[in-house]
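# Fold and contact review
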Number of protein chains: 2
Amino acid sequence: MLKNKSEQRTSLSELGEFGLIKHLTKHFTINCESTEKGVGDDAAVLEFGNKQILLTTDLLIEGVHFDLSYMPLKHLGYKAVVVNLSDIYAMNGKATQITVSIAISNRFSLEALEALYAGIQLACVNYTVDLVGGDTTSSTTGMMISITAIGEIDKKDVVYRNGAKPNDLLVVTGDLGAAYLGLQVLEREKQVFKANPNSQPDLEHYSYLVERQLKPEARKDVILLLKKLGVKPTSMIDISDGLSSEILHITSQSEVGCNIYEDKIPLDPQVISTCEEFNLDATTIALSGGEDYELLFTISQEDFLKIKGNPNLTVIGHITDKNEGVHLITRGNQKIAIVAQGWNSLSDKDSKTH
Amino acid sequence: MLKNKSEQRTSLSELGEFGLIKHLTKHFTINCESTEKGVGDDAAVLEFGNKQILLTTDLLIEGVHFDLSYMPLKHLGYKAVVVNLSDIYAMNGKATQITVSIAISNRFSLEALEALYAGIQLACVNYTVDLVGGDTTSSTTGMMISITAIGEIDKKDVVYRNGAKPNDLLVVTGDLGAAYLGLQVLEREKQVFKANPNSQPDLEHYSYLVERQLKPEARKDVILLLKKLGVKPTSMIDISDGLSSEILHITSQSEVGCNIYEDKIPLDPQVISTCEEFNLDATTIALSGGEDYELLFTISQEDFLKIKGNPNLTVIGHITDKNEGVHLITRGNQKIAIVAQGWNSLSDKDSKTH
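What you are looking at is a predicted structure, and each value in this text was computed from that prediction instead of being measured. (Residues numbered from 1 in each chain as written. Chains lettered and ligands numbered in written order. Predicted model: local features only at pLDDT ≥ 70, side-chain atom pairs only at ≥ 80, totals over all residues.)

## Comments concerning the overall build of chain A
From N to C terminus, chain A includes 10 helices and 13 strands. When the 354 residues of chain A are sorted by exposure, 51% land in the buried category. (Helix = DSSP H or I, 4+ residues; strand = E, 2+ residues; numbered from the N terminus. Buried ≥ 20, exposed ≤ 12 C-beta atoms within 10 Å, placed from the backbone.)

## So, the environment of Ile 265 of chain B
Residues and elements named next belong to chain B. Mapped onto the secondary structure, Ile 265 falls in the loop between β9 (257–261) and α8 (269–278). Judged by the 20 C-beta atoms lying within 10 Å of it, Ile 265 falls in the buried class. Residues Ile 265 and Leu 116, spaced 149 residues apart in sequence, show a C-alpha to C-alpha distance of 34 Å.

## A closer look at unusual backbone geometry
All names here are of chain A. Here Asn 167, not a glycine, exhibits a phi torsion of approximately 80°, which is positive. Summarising the element assignment, Asn 167 is placed in the loop between β6 (144–153) and β7 (169–173). Using a count of 13 C-beta atoms within 10 Å as the deciding quantity, one classes Asn 167 as partly exposed. Here the phi dihedral of Asn 279 falls at roughly 60°; this positive angle occurs in a residue that is not glycine. Following the sequence through the fold, Asn 279 ends up in the loop between α8 (269–278) and α9 (282–288).

## Concerning the domain arrangement of chain A
Residues and elements named next belong to chain A. When cut into domains, chain A gives domain 1 (34–157) and domain 2 (169–337). Here domain 1 and domain 2 have C-alpha centroids that lie 22 Å from each other. Opposite the 17 residues of domain 1 that make contact, domain 2 presents 19 residues. Sort the elements by how many residues they give to the side of domain 1 that touches domain 2 and helix α2 (residues 73–89) lands first, with nine residues. (Domains from an automatic or database assignment. Contact = placed C-beta atoms within 7 Å.)

## Quick look at the sheet that holds strand β8 (residues 235–238) of chain B
All names here are of chain B. With mixed pairing, the seven strands of this open sheet are ordered in space as β8-β10-β7-β11-β9-β12-β13. Edge strands, defined here as strands with exactly one partner in the open sheet, are β8 and β13 (335–337). Taking each pair of neighbouring strands and ignoring which way they run, the sheet shows an average axis angle of 25°. As judged from the five bridges shared by strand β7 (residues 169–173) and strand β11 (residues 313–320), these two strands associate in the antiparallel manner. When the bridges of β11 are listed, Thr 173 appears paired with Leu 313. (Pairing = 2+ DSSP bridges. Axes fitted to C-alpha atoms, helices over the stretch in contact; angles between N-to-C directions.)

## Structural notes on helix α6 (residues 220–229) of chain A
Residue and element names in this part refer to chain A. Turning to α6, its buried residues number three or more, namely Val 222, Ile 223 and Leu 226. All buried residues of α6 lie within an arc of 105° about the axis, which places them on one face of the element. Projecting away from the buried face of α6 at angles above 90 degrees are the exposed residues Asp 221, Leu 224 and Lys 228. Elements in contact with the buried residues of α6: α2, β7 and β10 (295–299). Just beyond α6, the residue with positive phi is Gly 230, at close to 75°. (Arc of directions from axis to C-beta.)

## Quick notes on the pairing of strand β5 (residues 130–138) of chain A
Residues and elements named next belong to chain A. The buried count for β5 comes to nine of nine residues, which makes it a mostly enclosed element. When strand β4 (residues 94–104) meets β5, the two strands line up parallel, connected through eight bridges. Bridging across to β5, Val 100 finds its partner in Gly 134. Crossover handedness for the path β4 to helix α3 (residues 110–127) to β5: right-handed. (Right-handed = clockwise from strand over helix to strand, strands pointing away.)

## Comments concerning the sheet that holds strand β11 (residues 313–320) of chain A
Residues and elements named next belong to chain A. Reading across from one edge, β8-β10-β7-β11-β9-β12-β13 is the order of the seven strands in this open sheet, with mixed pairing throughout. With partners counted over all chains shown, the strands left at the sheet margins are β8 (235–238) and β13 (335–337), one partner each. Neighbour to neighbour, the strand axes of the sheet diverge by 25° on average, direction disregarded. The pairing of strand β9 (residues 257–261) with β11 spans four bridges and is classified as antiparallel. Looking at β11, one finds that Cys 258 is bridged to Ile 319.

## Concerning the pairing of strand β2 (residues 44–48) of chain A
Residues and elements named next belong to chain A. Burial runs high along β2: four of the five residues are buried. Where β2 meets strand β3 (residues 51–61), five bridges bridge the pair, whose relative direction is antiparallel. Within the sheet, the bridge partner assigned to Phe 48 lies in β3 and is Lys 51.

## Here's the deal with the packing of helix α4 (residues 178–195) of chain B against helix α5 (residues 207–214) of chain B
Residues and elements named next belong to chain B. Here α4 crosses α5 at 100°, and the two axes come no closer than 7 Å. Of the possible angle classes, the one that applies to α4 and α5 is roughly perpendicular. Taking contact as the criterion, the partners of Ala 178, Ala 179, Leu 181, Gly 182, Leu 183, Val 185 and Leu 186 in α4 are, on α5, Tyr 208, Leu 209, Val 210, Arg 212, Gln 213 and Leu 214. Class assignment for the residues of the contact of α4 with α5 results in 10 nonpolar, two polar and one charged. (Parallel < 35°, antiparallel > 145°, perpendicular 65-115°, else oblique. Nonpolar A, V, L, I, M, F, W, Y, C, P; charged D, E, K, R; others polar.)

Quick look at the structure:
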């Protein structure tokens, strides 16, 4: 009740998300024998008996991470699960369970929640994971979804972000940038609809982009494929914030440098054509767009023949010594340093989903 | 964008929290070998190798579950952890890890978050649990905290809600009703402060009540005590919603009845005196107040001598056949049926923390 008006204030956006988490958790120590790995990777690793458990959690807030004016609730439920499972796969694990907690204001009906849960259920079925708990409560405004995903893995199979070695190849799955462009298309349609409520959205030319934004998939298939091919990545991360942010996680945690070749970055034709239409640079979108939920990993050169020619996997660069830095080699053979974009989620709430 | 205006609407408050969860999860099936127990108890049980994992999650929303005008952030952080650990202990487990996700609006400074995390850290230290992950994001309004707690347990030691048998004794730890009265005292002080901002709160006579509301503890000590005494409860639950709600969970899941004796319900002297002052019935507060985070459990009669005389444990009743129903036997020897109070969190947001 008695508030100290002269309290010190530090802006959160100065720190950035990762700086903030690091700052807030730096005094915490690990005390349990069963904690193999805590904060600092896609998921925590817990060791109980002879198996390791993977654990990851995400909090999605209406108006920050999703906009219900173009995100159908079923898709939202599906996506909320998928983005968590993606973190389990990024550890090379098998996703097994989720818990789902939801806060909703009274503007949501039961039918709305049913649609949300139908999407959650579909994701559970498609990825063979079990819903094992959660919490449902009211909110004063809007909807919040908090999902925790659990996975299992044999100790020898865990892939962290910190294992990349010089000369390793950098590989990305699928293609990049489509989800971010899908969001731009949906935002534009929203503005058109606001101006003229009788307008009908014409999304036909952007179907792939919109699907990547509204119904992303996690690359469970790639984890199974790598197992089949006998390839264990030396490091791995999923692409939620954009290629440049993720490569910086791998290089800083592995204490290495990296060269990425612009002409190797996989782009869907719809990404290229829509970038032209929107006057955007496709490489920038691929580097910074985010929400692709593809996997970025490094492999030893001797594994190259095992993955060569697979349409799901593209070698986009290679790992170097740390002192060579992290660079994009452009089509014009220019070397551009890749630097942290910072975290704008706290300072600029409406700019992008996260 | 195109919203169907004629969509069907069902009020959520009709269903109640447990009805809602049941409704929303009824189509989900359990598919993973490692899922021993999903939705329906205090925590999920996962089996990996030779150990079982307990998993529980809670979502706390500003303005619904806590009021920052009288809840210091450090206490909030502490309490948010404790209420989750309480669910692990209610399974007879050992709490080992937590993840913490937080959404905050830009009205919170770094120092505010540090205070919150100081409380989280204190709880981690006091209960020997590790923070192993989480997510931090912005919110459009207020603060939200989502915590997931993990615990471990040997398969043979798990205590569910469904194991109570006729003639078992019903035992409660500590005393009941204080946390709810603490909230009433703080609410009254808030109103006084609103009317006269120069007033100084006088909480001296209510110190126990306020502490139970602002800094509850989970009964890890009781779990260790029961182990030492060689007592394994036949069923157990923690008291978060009030004694009457919890006893109905045990009796319905165990398919039994129960008699609770009013004169046996443990009450702190401050609860009795404050109930007189506020013109409240102490038994009603103990039955419906909630947030005590004590444990309610049943034991076989043959274990009675092991717990007899322990000041932490009070026998308040016994289990009966299902067809005898669930009753409170009053001091005047009247038999009053205990019925579900329903869940008012969605219909009446500001009435109580949950």
